[in-house]
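# Remarks on the overall topology
Okay, here's what each chain looks like letter by letter:
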Amino acid sequence: QLHLVESGGGFVQPGGSLRLSCAASGFNLDYYSIAWFRQAPGKEREVVSYISNGGDITNFADSVKGRFTISSDNAHNTVYMQMNSLKPEDTGVYYCAAGILTGGSSWYSLLDDMDYWGKGTLVTVSS
């Protein structure tokens, strides 16, 4: 069975840090790009970060640049997203997703292009 499992969410104060993990089972991340998405209550799901299957290309939403990083550990079939200097507006359910992307994909089409999705992990940033 092919699936992704997120972990590492929780409750933190503004300025705090969390590291989210995305563990893949049933397929090899050597062949799949990974993206993190988040969805706040009442808002549309948005892409947060991306890493290519080779790990050499990454990208981030403008709202998290300089605060978040993404990395892959293909030996353990896991992708991580380190989140620093967290703000209340970072609150939401965070999802990882995997896809075999082509040249026709872009940052703006990732939401529709991913093939496998995790169930999400909740991140709450509040005083």
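This report concerns the structure included in the present document.

### Quick notes on unusual backbone geometry
You will see that asparagine 77, though not glycine, has its phi angle at about 55 degrees, which is positive. When its relative accessible area of 15% is taken as the criterion, asparagine 77 is described as buried. Located in the positive-phi region is serine 85, a residue other than glycine, with phi close to 50 degrees. Inspection of the secondary structure puts serine 85 in the loop between strand E8 (78-83) and strand E9 (92-99).

### Re the side chain of serine 21
Residue placement: serine 21 occurs in strand E3 (residues 18-25). Apart from the residues within four sequence positions on either side, serine 21 is in contact with Val5, Glu6, Ser7, Trp36, Thr78, Val79 and Tyr80.

### Observations concerning the side chain of serine 49
Looking at the secondary structure, you find serine 49 in strand E5 (residues 46-51). Note on serine 49: relative accessible area 0%, which makes it buried. When residues no more than four places from it in sequence are discounted, the contact partners of serine 49 are Ile34, Ala35, Trp36, Asn59, Phe60, Ile70, Met81 and Trp107.

### Thoughts on the state of the cysteines
A full pass over the atoms with the stated rule returns 1 disulfide. Sulfur-sulfur distance for the disulfide between cysteine 22 and cysteine 96 comes to 2.1 Å. When the S-S torsion is 70 degrees, as for the bridge of cysteine 22 with cysteine 96, the disulfide is right-handed. Taken together, the residues cysteine 22 in strand E3 and cysteine 96 in strand E9 connect sequence positions 74 residues apart. The same class applies to cysteine 22 and to cysteine 96, which are both buried.

### Digging into the environment of lysine 87
As for its placement among the helices and strands, lysine 87 is situated in the loop between E8 and E9. Remark: the alpha-carbon pair of lysine 87 and serine 7, spanning 80 residues in sequence, is separated by 19 Å. Ignoring anything within four residues of it in the chain, the contact list for lysine 87 reads Arg67 and Val125.

### So, the pairing of E8
Among the 6 residues that make up E8, 5 are buried, leaving the element largely enclosed by the rest of the structure. Across 6 bridges, E3 lies against E8 in antiparallel orientation. Its bridge partner being in E8, arginine 19 is matched across the sheet by glutamine 82. Here strand E7 (residues 68-73) pairs with E8 via 6 bridges, running antiparallel. Paired with aspartate 73 across the strands is threonine 78, a residue of E8. Count of turn residues in the E7/E8 antiparallel hairpin: 4 residues, of which asparagine 77 carries a positive phi of about 55 degrees.

### Considering the pattern of salt bridges
Within the structure shown, the criterion is met by 4 salt bridges. The shortest N-O distance in the salt bridge between arginine 38 and glutamate 46 comes to 2.8 Å. Residue classification places glutamate 46 among the partly exposed residues on the basis of a relative accessible area of 35%. For the salt bridge of lysine 65 with aspartate 62, the shortest nitrogen-to-oxygen distance reads 3.1 Å. When its relative accessible area of 47% is taken as the criterion, lysine 65 is described as partly exposed. Taken together, the shared-partner salt bridges connect Arg38, Glu46, Arg67 and Asp90 into one network.

Reading the values: the criteria
Residues numbered from 1 in each chain as written. Predicted model: local features only at pLDDT ≥ 70, side-chain atom pairs only at ≥ 80, totals over all residues. Heavy atoms only, no water. Buried < 20%, exposed > 50% of the residue type's maximum accessible area, 1.4 Å probe, protein only. Helix = DSSP H or I, 4+ residues; strand = E, 2+ residues; numbered from the N terminus. Contact = heavy atoms within 4.5 Å. Disulfide = S-S within 2.5 Å. Pairing = 2+ DSSP bridges. Salt bridge = Lys/Arg side-chain N within 4 Å of Asp/Glu carboxyl O.

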